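Notes for the structure review
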Amino acid sequence: MGRFFPLVLHRPDMSTFTVRGSFQARDGPQSFEKEIEAPNENVATEHTLAEFGSKHGLNRTQVEIDEVKA
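The written sequence of each chain sets the order in which its residues are numbered from 1. Reporting in this predicted model follows two pLDDT cut-offs: at least 70 for local features of residues, and 80 or more for side-chain atom pairs to be given and counted; totals over whole chains, interfaces and linings ignore these cut-offs and use all residues. Each side-chain value is worked out from all heavy atoms of the structure, with water and hydrogens disregarded.

Once that is clear, we can look at the environment of Gly57. Every helix listed is a DSSP run of H or I at least four residues long, and every strand listed is a run of E at least two residues long, numbered separately from the N terminus. Checked against the element boundaries, Gly57 lands in the loop between α1 (41-56) and β3 (63-69). Residues contacting Gly57, with those up to four places away along its chain left out, are Phe52 and Gln62. Residue contacts follow a heavy-atom distance rule, with two residues in contact if any of their heavy atoms lie within 4.5 Å.

Rendered as structure tokens:
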């Protein structure tokens with residue numbers, strides 16, 4: 001990967017956010033905690049919702065975000 005694309009480990013304009021919440025699983029609500037690198041809290045929330053949508057096939061209404069901390 002480093003041959004054609006530069007390896008960027010940490011960009012100075014990005015912060016690491018911890019996103020906590022829950023989503024609707026087959027067994028009922030399942031809690032989660034994810035660390036996301038993003039420029040602000042809104043982008044961290046959007047990345048979290050997009051990831052649950054793409055990986056788990058969930059709608060935004062099925063994911064409840066309780067807290068976003070830097």
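Resuming the write-up.
This brings us to the environment of Ser54. Residue position: Ser54 is located in helix α1. Here Ser54 falls in the exposed class, since its relative accessible area comes to 61%. Throughout this description, a polar contact denotes any pair of N or O atoms lying within 3.5 Å of each other; where both atoms belong to protein, one of them has to be capable of donating a hydrogen while the other can accept it, and for residues adjacent in sequence the pair is counted only when both atoms sit in side chains. Of the polar contacts made by the side chain of Ser54, one reaches the backbone oxygen of Glu51; its length is 3.2 Å. For every residue, the accessible area obtained with a 1.4 Å probe (protein chains only) is divided by the maximum for its type, and the residue is called buried under 20%, exposed over 50%, and partly exposed between those limits.

What follows covers the side chain of Thr18. Residue placement: Thr18 occurs in strand β1 (residues 15-25). Among residues more than four places away in sequence, those in contact with Thr18 are Glu33, Lys34, Glu35, Glu67, Val68 and Lys69.

A word on the nonpolar core. Counting residues in hydrophobic clusters, the biggest one holds 12 residues: Phe17, Val19, Phe23, Phe32, Ile36, Ala38, Ala44, Leu49, Phe52, Leu58, Val63 and Val68. When residues of this core are traced back to their parent elements, those giving at least two are β1, β2 (28-38), α1 and β3. When sequence neighbours within four positions are dropped, the list of residues in contact with Phe32 reads Val19, Arg20, Gly21, Ser22, Phe23, Thr48, Phe52, Val63, Glu64 and Ile65. In this description, a nonpolar core means a group of buried Ala, Val, Leu, Ile, Met, Phe, Trp, Tyr and Cys residues linked to one another through side-chain atoms lying within 4.5 Å.

Moving on, we come to the sheet that holds β2. For two strands to count as paired, DSSP must find a minimum of two bridges between them. An order of β2-β1-β3 is seen for the three strands of this open sheet, with the pairing classed as antiparallel. Looking at the sheet topology across the chains shown, the edges are occupied by β2 and β3. Put simply, the sheet's adjacent strands are angled 20 degrees from each other on average, direction ignored. Taken together, the 11 bridges between β1 and β2 define a ladder with antiparallel strand orientation. Bridged to Phe17 within β2 is Ile36. Contacts from α1 reach β1, β2 and β3, with the element oriented near 130 degrees to β2. Every axis corresponds to a line fitted to the C-alpha atoms, with the helix fit spanning only the stretch in contact, and the corresponding angles, defined between N-to-C directions, vary from 0 to 180 degrees.

With that settled, consider the packing of aromatic side chains. Think of it this way: a Phe, Tyr or Trp ring, Trp meaning its six-membered ring, pairs with another when their centres are within 6.5 Å, and the plane angle makes it stacked under 30 degrees, edge-to-face over 60, tilted otherwise. Tallied over the entire structure, the rule returns three aromatic pairs. With centroids separated by 5.1 Å and ring planes inclined at 45 degrees, the aromatic side chains of Phe23 and Phe52 adopt a geometry described as tilted. Of this pair, Phe23 sits in strand β1 while Phe52 sits in helix α1, and the two are 29 residues apart along the sequence. Taken as a pair, Phe23 and Phe52 share a single burial class, namely buried. Joined through ring pairs, the aromatic side chains of Phe23, Phe32 and Phe52 make up one cluster.

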